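Chain and residue survey
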Amino acid sequence: MDGPDNVVVVSFEHDSDAYEALTDLKQLDAQGQIDLRAAAVVVRGEDGRLVTKDEVAESPVEGTATGGIIGLLIGILGGPFGILIGGSIGVLAGALFDVDHEEHTDSVLGEVSRSVRVGRTTLLAEAIEPSSEVVDTAMARLSGTVARYGVGHVEAEIAAAEDAQHAARKKARKELHEQRHAKHKAEVDAKVEALKAKLHPHKDTAPAGAAA
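In this report, the structure presented in the accompanying data block is examined. (Residues numbered from 1 in each chain as written. Predicted model: local features only at pLDDT ≥ 70, side-chain atom pairs only at ≥ 80, totals over all residues. Heavy atoms only, no water.)

Let us look at the overall build of the protein chain. Assigned secondary structure in the protein chain consists of 7 helices and 5 strands. Secondary structure elements of the protein chain occur, N-terminal to C-terminal, as β-α-β-β-α-α-α-α-β-α-β-α. A sequence separation of at least 24 residues applies to 74% of the contacts in the protein chain between residues at least 6 apart. (Helix = DSSP H or I, 4+ residues; strand = E, 2+ residues; numbered from the N terminus. Contact = heavy atoms within 4.5 Å.)

Before going further, it helps to spend a moment on helix H2 (residues 69–77). Across the 9 residues of H2, 7 count as buried, placing the element largely inside the fold. Those residues of H2 not exposed but buried are Ile69, Ile70, Gly71, Leu73, Ile74, Ile76 and Leu77. (Buried < 20%, exposed > 50% of the residue type's maximum accessible area, 1.4 Å probe, protein only.)

Counting buried residues in strand E2 (residues 35–44) gives 9 out of 10 residues, a clear majority hidden from the surface. Direction of pairing for E2 relative to strand E4 (residues 121–128): antiparallel, over a ladder of 8 bridges. Bridge pairing links aspartate 35 to isoleucine 128 in E4. Sheet analysis places E2 next to strand E3 (residues 50–57), joined by 7 bridges and oriented antiparallel. Bridging from a neighbouring strand, alanine 39 pairs with valine 56 of E3. Here E2 folds back onto E3 in antiparallel fashion, the turn holding 5 residues, of which glycine 48 has a positive phi close to 90 degrees. (Pairing = 2+ DSSP bridges.)

The subject of this paragraph is the nonpolar core. Judged by nonpolar contacts, the single largest core of 22 residues is most densely connected at Val7, Ile70, Leu73, Val112, Leu124 and Val154. For this core, the secondary structure elements donating two or more residues are strand E1 (5–12), E2, H2, helix H5 (108–115) and helix H7 (151–199). If you tally residues by element for this core, the top one is H2, at 6 residues. Excluding its chain neighbours within four sequence positions, the residues that come into contact with valine 112 are Val9, Leu73, Leu77, Leu124 and Tyr149. One finds Ile34, Leu36, Val41 and Ala138 within the second-largest nonpolar core, a separate group that totals 20 residues. (Core = buried A, V, L, I, M, F, W, Y, C linked by side-chain atoms within 4.5 Å.)

By the secondary structure assignment, glycine 110 is in helix H5. By relative accessible area, glycine 110 is classed as buried at 0%. Linking glycine 110 and leucine 77, residues 33 residues apart in sequence, is a C-alpha distance of 8.8 Å.

Our focus in this paragraph is the packing of H2 against H5. Viewed as axis vectors pointing N to C, H2 and H5 meet at an angle of 75 degrees, and their least axial separation amounts to 11 Å. Judged by the angle between their axes, H2 and H5 are roughly perpendicular. Taken together, the residues of H5 that come into contact with H2 (itself represented by Leu73, Ile76 and Leu77) are Leu109, Val112 and Ser113. Grouping the constituent residues of the contact of H2 with H5 by class yields 5 nonpolar, 1 polar and no charged. (Axes fitted to C-alpha atoms, helices over the stretch in contact; angles between N-to-C directions. Parallel < 35°, antiparallel > 145°, perpendicular 65-115°, else oblique. Nonpolar A, V, L, I, M, F, W, Y, C, P; charged D, E, K, R; others polar.)

As summarised here, the arrangement of the 5 strands in space is E3-E2-E4-E1-E5, forming an open sheet in which the pairing is antiparallel. Because the sheet does not close on itself, it has two edges, and the strands there are E3 and strand E5 (144–150). With strand direction ignored, the average angle separating the axes of adjacent strands in the sheet is 20 degrees. Alignment of E1 against E5, held across 7 bridges, turns out to be antiparallel. Residue valine 9 lies in a different strand from E5, and its bridge partner there is alanine 147. Relative to E2, helix H1 (residues 17–30) is tilted by about 175 degrees, and along the sheet it contacts E1, E2, E3 and E4.

Positionally, aspartate 17 belongs in helix H1. No salt bridge is formed by the buried aspartate 17; the nearest opposite charge belongs to arginine 141, separated by 7.8 Å. Once residues within four sequence positions are removed from consideration, aspartate 17 is found in contact with Phe12 and Leu142. (Lys, Arg positive; Asp, Glu negative; His and termini not counted. Salt bridge = Lys/Arg side-chain N within 4 Å of Asp/Glu carboxyl O.)

Attention shifts here to the pattern of salt bridges. Evaluation of the coordinates by the stated rule reveals 7 salt bridges. Where aspartate 24 meets arginine 141, a salt bridge forms, and the shortest distance between an N and an O atom there is 2.5 Å. Linking aspartate 24 in helix H1 with arginine 141 in the loop between helix H6 (132–140) and E5, this pair joins segments that are 117 residues apart in sequence. Owing to a relative accessible area of 11%, aspartate 24 belongs among the buried residues under this scheme. Judged by relative accessible area, which is 53%, arginine 141 ranks as exposed. Arginine 37 serves as the salt-bridge partner of aspartate 35, at 3.3 Å between the closest nitrogen and oxygen. The exposure class of aspartate 35 is buried, given its relative accessible area of 16%.

Keep in mind that these numbers describe shape and distance, not what the molecule does.
Below is the structure:
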């Protein structure tokens with residue numbers, strides 16, 4: 001099927017509509033109006049993690065929806081990086097995507113993460129869409145708000161996010177090592193000084209009979 005390969009993100013006024021929307025996408029795929037590669041209904045918990053409530057993949061060979069780009073997206077958005085870029089601070093996102101204001105980012109991951117709100121149900125899907133109107137019309141019937149992003153852009157940012165997380169872990173390990181080294185050196189210095197004091201207990205004491 002010809003058409004752009006998109007990641008589609010749909011949020012709803014009523015959480016239960018997400019499940020019906022997933023069924024609608026499967027029907028559109030069966031009718032040949034879209035090529036649905038994978039889709040998942042997710043909920044963000046209070047701890048920021050994403051829980052997959054329902055999912056569908058293009059074929060049993062691919063396993064589940066969490067095995068492709070949607071699975072990678074869920075993994076990033078539900079991890080520490082996703083929690084950060086979805087929040088009000090977005091420090092890592094600002095550093096990674098070179099934005100002027102750290103509370104606002106034009107990154108795809110930042111926008112998607114903010115769409116997946118705490119305690120709310122969201123539909124994530126990958127689909128080839130000859131026309132965006134097909135999905136938009138189906139989701140509008142369920143009061144769904146649709147956002148779509150090219151798979152290529154999503155993949156690029158996921159790769160960048162992985163690099164950023166790796167760099168952050170490496171930096172954290174280095175800082176911890178330096179802190180441990182500094183603490184160890186301080187402890188060693190203190191012990192040496194204590195030993196010196198024991199070896200020369202009267203070093204600072206004036207000799208007996210010395211003039212006052």
